[in-house]
Amino acid sequence: MSRSKPASPAIVRQQQVLRDSLPFHDTQDFDDTSRGLLGRRTPNAVTAEDGRVVWDNDTYGFLQGEAPDTVNPSLWRQSRLVATQGLFEVVEGIYQVRGFDLSNVTFIEGETGVIVLDPLLSAETAAAAIELYREHRGDRPVTGVIYTHSHVDHFGGVKGVTTQEDVDAGRVPVIAPEGFTEHAVSENVYAGTAMGRRSGYMYGAALARGPQGQVGAGLGQTTSTGTITLIAPTVDITTTGEEKTVDGVRMVFQMAPDTEAPSEMLVYFPDHRALCAAEDATHNLHNLLTLRGAVVRDPHAWAHYLTESIELFGDDLEVVFASHHWPTWGNERILEYLNIQRDLYAYLHDQTLRLLNQGLTGIEIAEVLTLPPALENAWSTHGYYGSVSHNIKAIYQRYMGWYDGNPAHLWEHPPVEAGKRYVELGGGADAVVAKAQVAFDEGDYRWVAELLNHVVFAEPDHAGARELLADTYEQLGYGSENGTWRNAYLSGVTELRDGPFGTPTVAASSDMLAQLSPTMLFDALAIQVDGPRAWDENLSVEVVLTDVDERYRLRLANGVLTYNTAVQKSPADVTLTGTKRVLPVLASGNVTPDTLAQAGIELTGDAAVLSRLAAVLDPGDPDFAIVTP
C-alpha cells in the first residue's frame with residue numbers, strides 16, 4: 001500500500017463525529033480482554049515447516065492510542081481488543097488462547113489430560129497455541145476434541161493438537177454436531193474456489209497491515225495461511241440436552257443448526273458454570289450472509305436458540321465464552337449480553353419482514369432501518385463483521401430471492417454491456433469520469449463508485465477511471481466500521497492499482513478431499529463439467545469400492561455427469577476398482593492410467609474414456625476478476 005492516500009476531508013469529518021458520539025468512555029471490554037492473562041508468546045510469528053510465516057500477530061503492534069483518520073474509530077477500538085494475544089484463564093480449569101488465528105482455541109482440563117475445543121484454522125497455529133498452554137499449565141495429553149461447528153477456522157488445526165492415530169485408537173474422541181462433516185467439506189469444495197477468492201477480499205489477505213491497510217476483520221484479525229487439516233468426528237451430537245463426560249469433564253449440548261453455521265452446537269460445562277456460545281453470541285453483529293458467499297443464515301432461529309440458551313442455562317451461568325472475542329463474567333452481565341444479542345437478530349428479522357410486506361426491497365430497507373437506542377448503544381451489537389446493511393439484504397434474499405418484483409430488474413444487462421450503455425449515455429468515459437470527480441470532491445463516494453464501476457467495466461484500460469475508482473474505494477474503506485467491508489474496499493484498491501492477487505488460502509486441502517463421501521466426490525466432479533464441451537459426449541464409468549462393498553455407475557451425457565447405484569445390464573466403458581480411501585484421486589481431474597495405478601486403483605476397459613472425461617472438466621479459476629471485467 002505504498003501509494004496509499006490520506007483520508008479526505010469528508011472522511012476526517014465523519015471520524016470526528018464518531019469520536020464525539022460513541023461511548024468510548026466505556027472500557028469494560030478492555031478489562032475483560034486482559035482478565036486472567038497467564039502469558040504471551042513473544043514473538044508471536046508462527047511458521048510452517050518450509051519457513052513460510054503463516055501467522056504474525058505482532059504485525060498489529062501499531063494498534064495503539066487513538067484511531068488515525070484513515071480508520072473508523074469504532075473499528076480501531078475493536079481491532080485493538082481482538083489483537084490482544086496470549087493464554088487466559090476463563091475460570092479455573094478452562095483456558096483460552098486468543099490472538100493466534102481468526103478464532104480462539106479453548107482448553108478444558110480433565111482428570112488426566114485436556115480437551116481441545118475448536119482447534120483454530122491451521123495445524124501450525126494450533127500447535128503454537130497448545131505449546132503456550134503447556135508452558136503454563138503443564139504437558140497434559142489431549143484426551144478429547146470438540147468442534148462446535150462446521151466452519152474451517154474451528155477444525156482446520158486439529159492435527160496440530162492430536163493425530164489420526166490417537167483418534168483411530170480411541171484415545172481421543174472427536175465430538176461434533178450432527179451433519180458436521182458433510183457441511184464442512186461441501187462448503188469448501190463445491191463453491192470453494194469462488195469462496196476462497198472472495199475470502200481474500202473479505203480478510204484483506206493481500207493488504208499491508210497498518211493504519212492505511214488491514215487493521216482486522218472484526219471477528220478476528222485475519223485468517224492464518226498454514227496447513228488445513230481435518231479428522232472426522234467419532235461422536236455425533238444430535239439432540240439438545242444430550243450429555244457426555246470425557247476425561248471427567250461433564251458437558252451438556254444445545255443444538256443450534258442453521259444459525260451461524262449449518263451444523264452448530266453450544267456446550268455447557270455445569271461443573272464450571274460456563275457456557276461456550278460457539279459463534280452464536282460474540283461481541284459484534286455477526287454475518288447472516290458472509291461476504292465470501294454462503295447459504296443465508298436464519299436470524300429467526302438464531303434468536304430462538306439464544307432464548308433457549310437463557311432458559312436452559314441462564315440461572316446458573318457465571319461465564320460465557322465463545323470461539324471468537326473475549327468472555328463475559330457475572331450472571332447479571334451475562335443475561336444482559338445474551339438478551340441484547342438475541343434481540344439484535346430478532347429485531348433485524350422481524351423489522352425486515354414488516355417492511356418487505358409493505359413493499360420495500362432489500363436495498364431500500366437497508367437504508368431506512370435503524371436499531372433501537374438500547375441496541376445501538378451496546379458495543380457488542382456493532383457491525384464489525386456482519387452489518388445491518390448487508391444482513392437486511394440477506395434476510396430479504398432468504399425470503400424473497402434475488403428478484404425484487406420490479407420487471408425492470410428481471411432481465412438486466414450484465415455489467416460490461418450495462419457499463420457500455422451508461423458510458424455512452426453519460427457522454428463518453430472522460431465525461432463520466434469528470435462528473436465522478438465532482439462527486440468525489442463533494443464526498444459522495446457511493447455515487448462515484450457506481451459511476452466509475454460502469455466506466456471500468458466498459459473500458460477497463462481507462463487510466464483515469466481506474467485511478468479515481470481506486471481512490472474512491474480507499475475512502476470508503478477508511479470510513480467503514482465493518483472490518484470486512486474495509487478489507488473488501490481496500491482489496492479492490494490493490495487490484496486496481498497493482499493487479500490481481502489470487503487466492504492466498506485454499507481450504508480444499510488433501511484432508512478435506514479425503515473426507516468426501518463417494519457421492520459428494522461425484523458431485524464435485526459434476527460441478528467441473530464444461531456443459532457445452534460435453535454436449536456430444538456419451539460415456540460411462542463403473543466405480544467399485546472393495547472395502548465398503550459399494551458400486552456406482554457414472555454416466556456423462558447431455559453435458560451432465562450423473563450417477564446411480566442400480567445394477568446395470570450392460571457393462572460400463574471403463575471400470576475403476578479400489579478402496580474408498582484412494583477415491584479422492586479422482587477429484588484432482590488427473591485420471592490417467594498411471595496416476596490411478598500409483599493410487600492403487602485397478603483399471604479395466606477403455607482407458608481413453610478417462611481422457612475424454614478429463615478433457616471436459618473445467619476447474620475453477622482462483623484468480624478470477626472481481627473489480628474489473
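Before going into details, it helps to say that this report is about the structure given with it. Please read these numbers as outputs of a predicted model, since none were measured by experiment. Within every chain, residues take consecutive numbers counted from 1 along the sequence as written. Only residues with pLDDT of at least 70 get local features here, since the model is predicted, and only at 80 or more are side-chain atom pairs given and counted; chain-wide, interface and lining totals rely on the full set of residues. Just so you know, side-chain values use all the structure's heavy atoms and leave hydrogens and water out.

### Overview of the overall build of the protein
In step 1: Counting its regular elements, the protein contains 21 helices and 21 strands.
In step 2: Radius of gyration: C-alpha atoms only; globule rule: 2.2 Å multiplied by the number of residues to the exponent 0.38. Here the C-alpha atoms of the protein give a radius of gyration of 26 Å, agreeing with the 25 Å that 2.2 N^0.38 yields for 629 residues.
In step 3: Dimensions of the protein along its principal axes, counting C-alpha atoms only, are 75 × 70 × 50 Å.
In step 4: Contact criterion: two residues are considered in contact whenever any of their non-hydrogen atoms come within 4.5 Å of each other. Contacts in the protein between residues at least 24 apart in sequence constitute 72% of all its contacts with a sequence separation of at least 6.
In step 5: For accessible areas, the Shrake-Rupley method is used with a probe of radius 1.4 Å. Any residue's cover is judged against the shown protein chains and nothing else. Surface exposure of the protein reaches about 25,900 Å², of which carbon and sulfur atoms provide 51%.
In step 6: In the protein, 44 side chains carry a positive charge and 84 a negative one; their mean positions are 2 Å apart. Helix and strand assignments follow DSSP, with helices taken as H or I runs no shorter than four residues and strands as E runs no shorter than two, numbered in order from the N terminus. The sign given to each residue is positive for Lys and Arg and negative for Asp and Glu; His and the chain ends receive no count. Charge placement uses NZ in Lys and CZ in Arg. For Asp and Glu, CG and CD serve respectively.

### Describing the sheet that holds strand β21 (residues 602–605)
In step 1: Strands qualify as paired when DSSP identifies two bridges or more between them. Spatially, five strands are ordered β19-β18-β17-β20-β21 in an open sheet, and the strand pairing comes out mixed. Sheet topology places β19 (560–564) and β21 at the edges, where each strand pairs with a single neighbour. Direction aside, neighbouring strands of the sheet carry axes that sit 20° apart on average.
In step 2: Where strand β20 (residues 574–578) meets β21, four bridges bridge the pair, whose relative direction is antiparallel. Across the sheet, Leu-576 pairs through a bridge with Leu-603, a residue of β21.
In step 3: Angles run from 0 to 180 degrees between N-to-C directions of axes, and those axes are lines fitted to C-alpha atoms, restricted for helices to the stretch in contact. Each of β17 (538–545), β18 (550–557) and β19 touches helix α19 (residues 518–528); the most contacted strand, β19, lies at about 165° to it.
In step 4: Across the sheet, helix α21 (residues 608–615) touches β17, β18, β20 and β21, and the angle it forms with β17 is around 110°.

### Some words on α21
In step 1: Burial classes follow relative accessibility: with a 1.4 Å probe on protein chains only, a residue under 20% of its type's maximum area counts as buried, one over 50% as exposed, and anything between as partly exposed. Along α21, the positions that sit buried rather than exposed are Val-609, Leu-610 and Leu-613. Summarising the axial view, the buried residues of α21 lie within an arc of 100°, below the 170-degree limit, and thus occupy one face.
In step 2: Taken together, the buried residues of α21 touch β17, β18, β20, α20 (593–599) and β21. This arc describes the spread of directions from the helix axis toward the C-beta atoms.

### Focus on the sheet that holds strand β1 (residues 37–39)
In step 1: Read from one edge to the other, the open sheet built from eight strands follows the order β1-β4-β5-β6-β7-β8-β9-β10, with strand pairing classed as mixed. Here the strands that pair on one side only, and so sit at the sheet edges, are β1 and β10 (235–237). For this sheet, the mean inter-axis angle between neighbouring strands, taken without regard to orientation, is 25°.
In step 2: The sheet strands contacting helix α4 (residues 123–137) are β1, β4 (86–91), β5 (94–98), β6 (105–109), β7 (114–117) and β8 (142–146), and the helix crosses β6 at an angle near 35°.

### Side note on the layout of surface pockets
Where empty space is left can be seen by rolling a probe of water-molecule size over the atoms.
In step 1: If you add up the space inside the second largest pocket, you get close to 660 Å³.
In step 2: Around the second largest pocket, the lining comprises 39 residues; the ones closest to its centre are Leu-121, Ser-199, Tyr-203, Thr-223 and Thr-505.
In step 3: Under the scheme applied, nonpolar residues are Ala, Val, Leu, Ile, Met, Phe, Trp, Tyr, Cys and Pro; charged residues are Asp, Glu, Lys and Arg; polar residues are all the others, including Gly. Per-class residue counts for the lining of the second largest pocket are 16 nonpolar, 14 polar and nine charged. Site definitions follow a grid-based scheme: protein atoms alone, a 1 Å grid, a 1.4 Å probe that fits but cannot get out for cavities, and for pockets an open set with protein on both sides within 12 Å along at least five of seven lines, plus lining residues having an atom within 4 Å of a point. Grid points are joined across faces, edges and corners, and a volume is the space filled by probe spheres set on the points.

### Overview of the pattern of salt bridges
In step 1: What counts as a salt bridge is simple: a side-chain nitrogen of Lys or Arg found within 4 Å of a carboxyl oxygen of Asp or Glu. Enumeration over the complete set of coordinates arrives at 30 salt bridges.
In step 2: The closest approach of N and O atoms between Asp-69 and Arg-19, which form a salt bridge, is 3.0 Å. Taken together, the positions of Asp-69 in the loop between β3 (53–56) and α3 (73–82) and Arg-19 in helix α1 (residues 9–21) put the pair 50 residues apart, joining distant regions of the chain.
In step 3: Classification of Asp-69 by relative accessible area gives partly exposed; the value is 31%.
In step 4: Assessed through its relative accessible area of 16%, Arg-19 is described here as buried.
In step 5: Here Arg-612 makes a salt bridge to Glu-537, at a shortest N to O gap of 2.8 Å. You can see Arg-612 sitting in helix α21 and its partner Glu-537 sitting in the loop between α19 and β17, a full 75 residues away along the chain.
In step 6: Looking at Arg-612, the relative accessible area reads 32%, which means it is partly exposed.
In step 7: Look at Glu-537 and you get buried, because its relative accessible area is 18%.

### Comments concerning empty space enclosed by the protein
In step 1: Tallying each qualifying case throughout the model produces four cavities of 30 Å³ or more.
In step 2: Looking at the largest cavity, its volume works out to about 110 Å³.
In step 3: Lining the largest cavity are 16 residues, with Val-82, Arg-98, Gly-99, Asn-104 and His-325 positioned closest to its centre.
In step 4: Broken down by class, the residue content of the lining of the largest cavity amounts to five nonpolar, nine polar and two charged.
In step 5: Roughly 80 Å³ of volume is contained in the second largest cavity.
In step 6: If you go around the second largest cavity, you meet 12 residues; those closest to its centre are Leu-525, Leu-586, Val-591, Leu-610 and Leu-613.
In step 7: The set of elements that each furnish at least two residues to the lining of the second largest cavity consists of β17 and α21.
In step 8: With three residues, α21 is the largest single contributor of residues to the lining of the second largest cavity.
In step 9: The class makeup of the residues in the lining of the second largest cavity is 11 nonpolar, one polar and no charged.

### Quick notes on α19
In step 1: Turning to α19, its buried residues number three or more, namely Pro-518, Met-520, Leu-521, Phe-522, Ala-524, Leu-525 and Gln-528.
In step 2: Buried residues belonging to α19 abut α6 (180–189), β17, β18 and β19.

### Things to note about the pairing of β7
The side chains of a regular strand alternate between both faces of the sheet.
In step 1: Neither face of β7 is open: one carries Val-114 and Val-116, the other Ile-115 and Leu-117, and all of them are buried.
In step 2: Across four bridges, β6 lies against β7 in antiparallel orientation. Paired with Glu-109 across the bridge in β7 is Val-114.
In step 3: In this structure, the hairpin formed by β6 and β7 is closed by a connection of four residues.
In step 4: Strand direction decides the pairing type here: β7 and β8, joined by four bridges, are parallel.

### With respect to the nonpolar core
In globular proteins that are soluble, nonpolar side chains generally tend to be buried together.
In step 1: Among buried residues, the Ala, Val, Leu, Ile, Met, Phe, Trp, Tyr and Cys ones that are joined through side-chain atoms within 4.5 Å form a nonpolar core. Of all hydrophobic cores here, the largest spans 69 residues; its most connected members are Phe-107, Tyr-147 and Val-541.
In step 2: Among the elements that make up this core, the one with the highest residue count is α4 (six residues).
In step 3: What Val-541 contacts, discounting residues up to four positions off in sequence, is Tyr-552, Arg-553, Leu-554, Ala-572, Val-574, Leu-576, Val-609 and Leu-610.
In step 4: Tyr-268, Val-296, Val-320 and Tyr-396 belong to the second-largest nonpolar core, a separate cluster that totals 39 residues.

### Looking at the environment of Leu-338
In step 1: Structurally, the position occupied by Leu-338 is in helix α9 (residues 331–356).
In step 2: Once residues within four sequence positions are removed from consideration, Leu-338 is found in contact with Ala-281, Ile-310, Leu-317 and Val-320.

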